[in-house]
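Residues per chain, in single letters:
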Amino acid sequence: MSKTRVLTGITTTGTPHLGNYVGAIRPAVAASRSPDVESYYFMADYHALIKCDDPARIARSRLEIAATWLACGLDPETVYFYRQSDIPEIPELTWLLTCVTAKGLMNRAHAYKASVDANTAAGEDPDAGVTMGLYSYPILMAADILMFNAHKVPVGRDQIQHIEMARDVGARFNHLFGAGRDYFTLPEAATEESVATLPGLDGRKMSKSYDNTVPLFDGGAKKLKETIARIVTDSRLPGEAKDPDSTALMPIFTAFAEPAETAEFRAALADGLGWGDAKQRVFERLERDIAPMRARYEELIAQPGRIEDILQAGAQRARGIAAPFLAELRSAVGLRDFRTDAAKAKTAETAKAAKPQFKQYRENDGRFYFKLVDAEQRLLLQSTGFDSPKLAGQRIAELRAAATFAAADDCALAEGVGADEVERALAELQ
Ligand code: TRP
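Remember, predicted model here, so these are calculated numbers, not experimental data.

Student: What is the right way to look at the site of the ligand in this model?
Tutor: Near the ligand, the surroundings consist of 15 residues, among which Thr11, His47, Tyr137, Asp144 and Gln159 are the closest. Tyr137 places a side-chain nitrogen or oxygen 2.6 Å from a nitrogen atom of the ligand. One nitrogen or oxygen atom from the side chain of Gln159 is found 2.9 Å from a nitrogen atom belonging to the ligand. In isolation the ligand exposes 360 Å². Once the protein is present, 89% of that is buried. Contributing elements (two or more residues each) for the shell around the ligand: strand S1 (4-11), strand S2 (37-44), helix H2 (45-51) and helix H7 (132-146). A breakdown of the residues in the shell around the ligand according to their chemical character gives eight nonpolar, five polar and two charged.

Student: In this structure, what is going on with the sheet that holds strand S9 (residues 411-413)? I would like to understand it.
Tutor: By way of backbone hydrogen bonds, the strands of a sheet pair with one another, either parallel or antiparallel. One open sheet accounts for four strands, arranged S6-S7-S8-S9; its pairing is antiparallel. Among the strands making up the open sheet, the edge pair consists of strand S6 (357-362) and S9. This sheet shows a mean twist of 20° between the axes of neighbouring strands, independent of strand direction. As defined by bridge partners, S6 adjoins strand S7 (residues 368-373) across six bridges and the pair is classed as antiparallel. Bridging from a neighbouring strand, Arg362 pairs with Phe368 of S7. Against the sheet, helix H15 (residues 389-402) contacts S6, S7, strand S8 (379-383) and S9, and its axis sits at roughly 165° relative to S6.

Student: When you look at the domain arrangement of the protein in this model, what are you seeing that I'm missing?
Tutor: Accessible area lost upon the coming together of the parts is a frequently used measure of interface size. Partitioning the protein into domains gives domain 1 (4-196 + 303-332), domain 2 (208-296) and domain 3 (351-428). Each of domain 1 and domain 3 has a C-alpha centre, and these two points are 63 Å apart.

Student: Sorry, what's going on with the side chain of Thr8 here?
Tutor: With respect to the secondary-structure elements, Thr8 resides in strand S1. For Thr8, the side chain forms a polar contact with the main-chain oxygen of Pro154, separated by 2.9 Å.

Student: What should I look at first to understand the packing of helix H11 (residues 259-270) against helix H12 (residues 275-301) in this one?
Tutor: Packed helix pairs are specified by the crossing angle of their axes together with the interaxial distance, meaning the distance between the axes. With their axes 11 Å apart at the nearest point, H11 and H12 run at an angle of 170° to one another. By the angle between their axes, H11 is roughly antiparallel relative to H12. The segment H11 lies against H12, with Glu261, Glu264, Phe265, Ala268 and Leu269 engaging Trp275, Ala278, Arg281, Val282, Arg285 and Arg288. Looking at the contact of H11 with H12 residue by residue, the class counts come to six nonpolar, no polar and five charged.

Student: I keep staring at the packing of helix H3 (residues 55-71) against H12 and nothing clicks. Help me out?
Tutor: The contact between H3 and H12 brings their axes to 9 Å, and the two run at 135°. If you check the angle between H3 and H12, you find them oblique. The handedness of the crossing between H3 and H12 is right-handed. Residues Arg60, Leu63, Glu64, Ala67, Thr68, Leu70 and Ala71 of H3 form the contact with H12, whose participating residues are Met293, Arg296, Tyr297, Leu300 and Ile301. Along the lines of polarity and charge, the residues of the contact of H3 with H12 split into eight nonpolar, one polar and three charged.

Student: Just checking my understanding: could you explain the nonpolar core for this structure?
Tutor: If you look at soluble globular proteins, the nonpolar side chains tend to sit buried side by side. Ranked by size, the top nonpolar core spans 52 residues in total, and within it Leu18, Trp69, Phe81, Ile252, Leu286 and Ile290 carry the most contacts. Elements that contribute at least two residues to this core include exactly helix H1 (18-32), S2, H3, helix H9 (220-229), helix H10 (249-254), H11, H12 and helix H13 (304-333). Counting residues per element, this core draws most heavily on H12, which supplies 10 residues. A domain split of this core shows at least three residues from each of domain 1 (4-196 + 303-332) and domain 2 (208-296). In terms of nonpolar packing, the next biggest core, distinct from the first, is built from 46 residues, Val130, Ile139, Ala142 and Val155 among them.

Student: I keep staring at H13 and nothing clicks. Help me out?
Tutor: It helps to recall that an α-helix has 3.6 residues per turn; residues three or four apart then point in one direction. Between its terminal C-alpha atoms H13 stretches 40 Å, which fits the 44 Å expected from 30 residues at 1.5 Å a residue. A bend of about 35° at Arg319 is the largest found in H13. Two residues or fewer past H13, Gly334 is found with a positive phi of approximately 105°.

About the criteria used
- Residues numbered from 1 in each chain as written.
- Predicted model: local features only at pLDDT ≥ 70, side-chain atom pairs only at ≥ 80, totals over all residues.
- Heavy atoms only, no water.
- Near = heavy atom within 4 Å.
- Polar contact = N/O pair within 3.5 Å; in protein donor to acceptor, adjacent residues only side chain to side chain.
- Areas by Shrake-Rupley, 256 points an atom, 1.4 Å probe, with all protein chains shown as cover.
- Helix = DSSP H or I, 4+ residues; strand = E, 2+ residues; numbered from the N terminus.
- Nonpolar A, V, L, I, M, F, W, Y, C, P; charged D, E, K, R; others polar.
- Pairing = 2+ DSSP bridges.
- Axes fitted to C-alpha atoms, helices over the stretch in contact; angles between N-to-C directions.
- Contact = heavy atoms within 4.5 Å.
- Domains from an automatic or database assignment.
- Parallel < 35°, antiparallel > 145°, perpendicular 65-115°, else oblique.
- Left-handed = near helix turned anticlockwise from the far one by under 90°.
- Core = buried A, V, L, I, M, F, W, Y, C linked by side-chain atoms within 4.5 Å.
- Buried < 20%, exposed > 50% of the residue type's maximum accessible area, 1.4 Å probe, protein only.
- Expected span 1.5 Å × (residues − 1).
- Bend = angle between axes of the 7 residues up to and from the residue.

What follows is the structure, encoded as structure tokens:
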């Protein structure tokens, strides 16, 4: 049975935080170890350019994100791990897809519509600040996915529409150019209902846009401890019973702990554990998991050349799939090597010739003849001379119609040929 191909892109803006780890990185690394899947993880750095025009931040973020995924246990030998921008076939495919994507479909993309709505509300030109990159974002994403014929794409809910668009565009291409073959597998979004969304410092979802994140590796153990200390709690004093569900401490602890540890922590809070001590326990529990990964992260970040080598090797492997597939797609739309096209036409001719044939001709005696040859041009039947091409043609028509052969004055079996062979040849001409 062939494996399920799972593909996901990581936009390289920002620095990974605890919410990214629990919600995306950890489950993805675990899933990539399943023997039934073939995983593709890539850095969507072309997508990052759409959102960010600060080269230093782009450069830093893609290095940090690569190091983070490797430090968290992604094995570049078992998964395809690469940078989108190292696969030139992706922008090439983007163009092929752009040419079959309805503009109206892109008009409906949520991200684009949100910009238009905001502009309209502000009394601005509807397209103010909208680049073609933002507008075409879903086509580039469709190319990411269709290039590797992914079956499943794990994404957050905000990305489901993009997967549907990838299906639309892929289906359109199949319809236009497939000629009975589906070039593209139509992908499905995989959204985990149970996917852990971690609360941030203030209890709202942990997100860069709320400025309430706990960094994963950035700033080391010291920063982790300091940030945990800033998690909002109520003002109950040590010794007072606490509601464990009144603070983000509990879900953050739970995301790392075993059920027994969680139960114990809950009980301690209800029992009057002070918030300061509680925060220390959370820090220590997280640190148990994070410290070894952070050590690997720091080692990697200190050797950017090693990460570069890993990603280039990953790109090479991915291109091993992308390049031959793109060649087929180019050919499907008509961008073909002229020699291949000419050779194809020739093969078609040979195929036509690979059948028995009647051949009519005129001899030096001025009379008209025909012969029947088989697919290999071996002579089966030879006529005598007719007075006109029309008479020869009539005799051929008769033979074809009857599809049987009896010895006659006007044509004879070639030497070593049986009537049954002639009849088989005539049958083939029916
Ligand atoms: N748009 C995705 C996001 O913002 C990132 C992404 C780019 C992606 N290409 C992809 C995700 C392909 C899945 C598949 O999260």
